[in-house]
Amino acid sequence: MPFRTITGHSRVLSLLSGAIARDSMPPALLMAGPSGVGKRLAAIAVAQTFNCLQPTSSAELPRDACGECASCRRIARGVHPDVILVEPGDSGSIKIEQLRDVIDRAQYRPFEGKRRVVIIDQADAAGEDAQSALLKTLEEPPSASTFILVSSIPDALLQTVLSRCPRLRFGPLTPAEVARVLTAEHGYAEHDARAAAADADGSVGRALEAGGEDLTEAREAAQRVLEETARNDDPVRRIGLARALTEGKGTPAEERNRLAVRLRSLGSLLRDIGVLAGHGGPAMLANADLESRLEKLASSYDAARALHAYTVVDRALVALDRNASPKVVADWLLLEL
Ligand SMILES: [Zn+2]
């Protein structure tokens, strides 16, 4: 993603662009600022601008990547041999071996690009020993390599590392900027984007996270519905219970999404109840932590009823997908269970 396509941070991006154009980029630098504002994108844009085969130029951005040449595209896809991205693995930390490996690779001249760029995302996830392993390289980087550390908690980096990396500060985006990214790149409708941006503290990452419903809450709501319907046939009470599936504030898109998440959770519990009713063992349960409560439910929901309920949930999800009103779907479902 070239500099000109990144939302916000115009001053910082113009600084980076100018430094590359004048060949005065420091060999190691730290991009610091809140998470989800575009630091990693900016680091990738630096790598592209260095290695672009047809760089562009404008008054604000003396040098920028074209975004379309073979080099730009390979960097964007993460397959350029001279652009190395290091990030935390499944353990949540950056291991010393990962850093030793890039230090080794950085000793050689770039294979095909003009400059090797090593991006260490969430650099604060490297332990002290791993950070120490980097020190010497940050102090005297190989001549054709640039190291970019990216961090939203730079204070967690060793003082010795910080002192070797000039710091570029990325501030939060404005709500309008967050909304623009949500509509342009994440398919949000205009008003949903504005609503999501309003609570996002200037971070696209946070706005996207809020789009994901709380799964624990969804499962609790689903459980409540099953426990009540197991012992209660009164339609009025059941309609009242439908609110457990739809309650919560938000835009229509969020309401729809929330109900869908709760319905999927309901489906998952019903599948487990079916397993228990068919005398399956706990190893087969998706919600094994709820086994004793599911056992209790299985006494009211025998295999046939669990299966029927499961198909009802499935039909409700299809209806929701076809834009049926969440409230109507929830009411119908509760009467059918
Ligand atoms: Zn290019």
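To be clear, the structure that these remarks concern was listed above.
From a predicted model like this one, the values you see are computed outputs, not experimental measurements.

**Points about unusual backbone geometry**
As a rule of thumb, non-glycine residues mostly have phi less than zero, and peptide bonds are mostly trans rather than cis. In the Ramachandran plot, His9 falls in the positive-phi region, its phi being about 55° despite a non-glycine side chain. Among the secondary structure elements, His9 is positioned in the segment before α1 (10-21). In the Ramachandran plot, Gln122 falls in the positive-phi region, its phi being about 50° despite a non-glycine side chain. Take Gln122: it is sitting in the loop between β3 (116-120) and α5 (128-139).

**Focus: the sheet that holds strand β5 (residues 167-169)**
Taken in spatial order, the five strands line up as β2-β3-β4-β1-β5 in an open sheet, and their pairing is parallel. Strand pairing shows two members of the sheet lacking a second neighbour, β2 (83-86) and β5, which therefore form its edges. Taking each pair of neighbouring strands and ignoring which way they run, the sheet shows an average axis angle of 20°. Those strands touched by α5 are β1 (28-32), β3 and β4 (145-151), and its axis lies near 135° from that of β4.

**Things to note about helix α13 (residues 291-300)**
All buried positions along α13 are accounted for by Leu294, Leu297 and Ala298. Buried residues of α13 fall within an arc of 110° about the axis and therefore sit on the same side. In α13, the exposed positions angled more than 90 degrees off the buried face are occupied by Ser292, Lys296 and Ser299.

**Observations regarding the packing of aromatic side chains**
In total, this model carries zero aromatic pairs according to the counting rule given. For Arg115, the ring lying beneath its charged end belongs to Phe50, and the centroid distance is 5.3 Å. Taking the ring centre of Tyr301 as reference, the NZ or CZ of Arg305 above it sits at 4.1 Å.

**Points about the coordination of the zinc ion**
With distances of 2.3 Å, the protein atoms coordinating the zinc ion are Cys52 (SG), Cys66 (SG), Cys69 (SG) and Cys72 (SG). With four donor atoms in place around the zinc ion and angles of 101 to 118° between them, the coordination shape is tetrahedral. All donors of the zinc ion belong to a single chain; written as a sequence motif, their spacing is C-x13-C-x2-C-x2-C. In this pair, Cys52 sits in the loop between α2 (39-51) and α3 (70-77) while Cys69 sits in the loop between α2 and α3, placing the two residues 17 residues apart along the sequence.

Thresholds applied
- Residues numbered from 1 in each chain as written.
- Predicted model: local features only at pLDDT ≥ 70, side-chain atom pairs only at ≥ 80, totals over all residues.
- Heavy atoms only, no water.
- Helix = DSSP H or I, 4+ residues; strand = E, 2+ residues; numbered from the N terminus.
- Pairing = 2+ DSSP bridges.
- Axes fitted to C-alpha atoms, helices over the stretch in contact; angles between N-to-C directions.
- Contact = heavy atoms within 4.5 Å.
- Buried < 20%, exposed > 50% of the residue type's maximum accessible area, 1.4 Å probe, protein only.
- Arc of directions from axis to C-beta.
- Phe/Tyr/Trp six-rings, centres within 6.5 Å; stacked < 30°, edge-to-face > 60°.
- Lys NZ or Arg CZ within 6 Å of the ring centre and 35° of its normal.
- Donors = N, O, S within 2.8 Å, 3.2 Å for Na, K, Ca; no water.
- Tetrahedral: all angles 85-135°; square planar, octahedral: opposite > 155°, others 65-115°.

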